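Structure at a glance
Spelled out from the first residue to the last, the chains are:
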Amino acid sequence: MSSPRVILLALLLAVASCASDPPVPVTASTWQQVDREIATLSRSAAQQAREHALLSMEQWMDLVYQQTDEEFIPWFSGYWTQQWMSVKVSWYRLSSGGAKDPSVKRLALYLQEQYRERVLEPVAETDDPQQIMARSTWIYLQHLDENLPRIAQQYDVPREQFHQRLQAIPAITQAPGASLYELLHTKPLAKLPAYSAFIERIRNAPRGLGDWSADPGISAVAQQTSERLVDDLAVSGAAGAVSALIGGPAGTTVSLGVALFTAVSRENARPASEAHLRKNLNAAFDDEWLGLMRSTEHGVLAGVHQLSGQIERGLLVPFRYQP
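When helices and strands are tallied, the chain shows 11 helices and 2 strands. Burial status across the chain gives 40% buried among its 323 residues. Surface summary for the chain: the accessible area is close to 17,800 Å², and the carbon and sulfur share equals 59%.

This is the structure we're talking about:
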């Protein structure tokens, strides 16, 4: 046989060999079993992330309680702070023509700002709900990534076909969107635009993970405290007006007497005032903490809940491999 014929025969045999070696067929029932395993794994991964979030949030809550006790409450109840806030309220009332409500609102905003600067921001240098949410979401995906290959091996699904199955599962549907395969195979994950946008949407959701000083519970505490301070100032302001009316040494004596009486009264009332403020802040904090653990829209498990829900819904669509 001539050399050209030998070469031609070899090529034909090679082509025939390739044509006779199609992808290993995976039956529809096998894909159903694989999908059930993926759904079970998703729930297991979500539980892992939930346990991490719970532990992290408990530790973070302890830090906030400690910072509140050590920094905010002593600052708030201190004599000079009370005097400075009295000056601020006087200025607010002058600016608003003596009206009480605007003064109360402005002082409440000031207290919220101080709570953020003295408690929330220092604690955030160690941890905060935004970081916990991002970590919990990553833990969920990492658990999937580590255990999905075991499912493919268990059911003898070829790698290419299994990857195509993961590509067919939408994990993020908001534009630009991403499949489960993309979430698991983009390294680092932050480089995937759909994932970065997904995390930012949760962070910026109404009543989200950002500024807790604007939380309704903390706002209510600031409002109540502000009203009390404004009312206290009204009393001391009336005494000041009497001393001004008397004038001379007698008026000075009245002013000094009012100042001394106010300082002594505040110091005597300080333990009860601190306990009341601590109780109200802790109650507001507990409510918000529970909300952040439970919320599927803006809580620390929102990323896990939304991804797992979307993935499990995607598994309901029957899959057929396309070579």
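Take the packing of aromatic side chains next. Counted under the stated rule, the structure contains 9 aromatic pairs. On the numbers, 4.8 Å between centres and 85° between planes, the contact of Trp31 with Phe319 is edge-to-face. Placement of the pair is Trp31 in helix α2 (residues 28-77) and Phe319 in the segment after α11 (302-314), with a sequence separation of 288 residues. Accessibility classification places Trp31 together with Phe319 in one group, the buried group. Between Trp75 and Tyr110, the aromatic rings sit 6.4 Å apart at their centres with planes inclined by 50°, giving tilted as the arrangement. A residue pair is termed long-range when its members are at least 10 positions apart, and Trp75 in helix α2 and Tyr110 in helix α4 (residues 100-124) qualify at 35 residues.

Below, the discussion takes up the packing of helix α5 (residues 129-154) against α11. Put simply, α5 and α11 touch, their axes get as near as 8 Å, and they point 35° apart. The segment α5 lies against α11, with Ser136, Thr137, Tyr140, Leu141 and Leu144 engaging Gly303, Val304, Leu307, Ser308 and Ile311. Looking at side-chain class alone, the contact of α5 with α11 contains 6 nonpolar, 4 polar and no charged residues.

Between α2 and α11, the least distance of the axes is 10 Å, while the angle of their chain directions is 175°. By the angle between their axes, α2 is roughly antiparallel relative to α11. Between α2 and α11, the contacting residues are Ala39, Ser42, Arg43, Ala46 and Ala49 on the first element and Val304, Ser308 and Glu312 on the second. When its residues are assigned to classes, the contact of α2 with α11 shows 4 nonpolar, 2 polar and 2 charged.

Attention now goes to the nonpolar core. Judged by nonpolar contacts, the single largest core of 74 residues is most densely connected at Tyr140, Leu144 and Leu148. What Leu144 contacts, discounting residues up to four positions off in sequence, is Leu41, Ser42, Ala45, Leu180, Leu184 and Ile311.

Inspection of the entire model under this criterion finds 2 cavities of 30 Å³ or more. Taken together, 11 residues make up the lining of the largest cavity; nearest its centre are Phe72, Leu111, Val221, Ala222 and Leu281. Mapped onto the lining of the largest cavity, the elements with two or more residues apiece are α2, α4, α9 (216-246) and α10 (248-294). If you tally residues by element for the lining of the largest cavity, the top one is α9, at 4 residues. Grouping the amino acids of the lining of the largest cavity by side-chain chemistry returns 9 nonpolar, 2 polar and no charged.

Before going further, it helps to examine the environment of Gln142. Among the secondary structure elements, Gln142 is positioned in helix α5. Considered as a pair, Gln142 and Ala45 are 97 residues apart in the sequence and their alpha carbons are 8.3 Å apart.

Under the definition given, this model contains 7 salt bridges. A salt bridge links Arg165 to Asp35; the nearest nitrogen and oxygen atoms lie 3.0 Å apart. Separated by 130 residues along the polypeptide, Arg165 in helix α6 (residues 159-167) and Asp35 in helix α2 bring together distant segments of the chain. Each member of the pair, Arg165 as well as Asp35, is classed as buried.

Turning our attention to the confidence of the model for the chain. On average, residues of the chain score 80 in pLDDT, and 74% of them reach the 70 mark or higher. Under a pLDDT of 50 for its full length, residues 237-265 has, in the predicted model, 8 contacts with residues more than four places off or in other chains.

With an omega of 5°, the peptide bond between Ala175 and Pro176 qualifies as cis. Its place among the elements puts Pro176 in the loop between β1 (170-172) and β2 (178-179). Even without being a glycine, Asp156 presents a positive backbone phi close to 55°. As for its placement among the helices and strands, Asp156 is situated in the loop between α5 and α6.

The next point concerns the side chain of His143. Relative to the assigned elements, His143 resides in helix α5. On the basis of relative accessible area, His143 is assigned to the buried category, the value being 16%. Ignoring anything within four residues of it in the chain, the contact list for His143 reads Leu41, Ser44, Ala45 and Gln48.

Taking 1.5 Å of rise per residue, 50 residues should cover 74 Å, and α2 covers 70 Å from first to last C-alpha, within 8% of that figure. Along α2, the sharpest kink reaches roughly 40°, centred on Thr68.

Between its first and last C-alpha, α11 extends 18 Å over 13 residues, near the 18 Å set by a 1.5 Å rise per residue. Within α11, burial applies to Ala302, Gly303, Val304, Leu307, Ser308, Gly309, Gln310, Ile311 and Gly314.

Criteria and thresholds
- Residues numbered from 1 in each chain as written.
- Predicted model: local features only at pLDDT ≥ 70, side-chain atom pairs only at ≥ 80, totals over all residues.
- Heavy atoms only, no water.
- Helix = DSSP H or I, 4+ residues; strand = E, 2+ residues; numbered from the N terminus.
- Buried < 20%, exposed > 50% of the residue type's maximum accessible area, 1.4 Å probe, protein only.
- Areas by Shrake-Rupley, 256 points an atom, 1.4 Å probe, with all protein chains shown as cover.
- Phe/Tyr/Trp six-rings, centres within 6.5 Å; stacked < 30°, edge-to-face > 60°.
- Axes fitted to C-alpha atoms, helices over the stretch in contact; angles between N-to-C directions.
- Contact = heavy atoms within 4.5 Å.
- Nonpolar A, V, L, I, M, F, W, Y, C, P; charged D, E, K, R; others polar.
- Parallel < 35°, antiparallel > 145°, perpendicular 65-115°, else oblique.
- Core = buried A, V, L, I, M, F, W, Y, C linked by side-chain atoms within 4.5 Å.
- 1 Å grid on protein atoms, 1.4 Å probe; cavity = no way out; pocket = protein on both sides within 12 Å on 5 of 7 lines; lining within 4 Å.
- Points joined across faces, edges and corners; volume = space filled by probe spheres on them.
- Salt bridge = Lys/Arg side-chain N within 4 Å of Asp/Glu carboxyl O.
- pLDDT = per-residue confidence, 0-100.
- Expected span 1.5 Å × (residues − 1).
- Bend = angle between axes of the 7 residues up to and from the residue.

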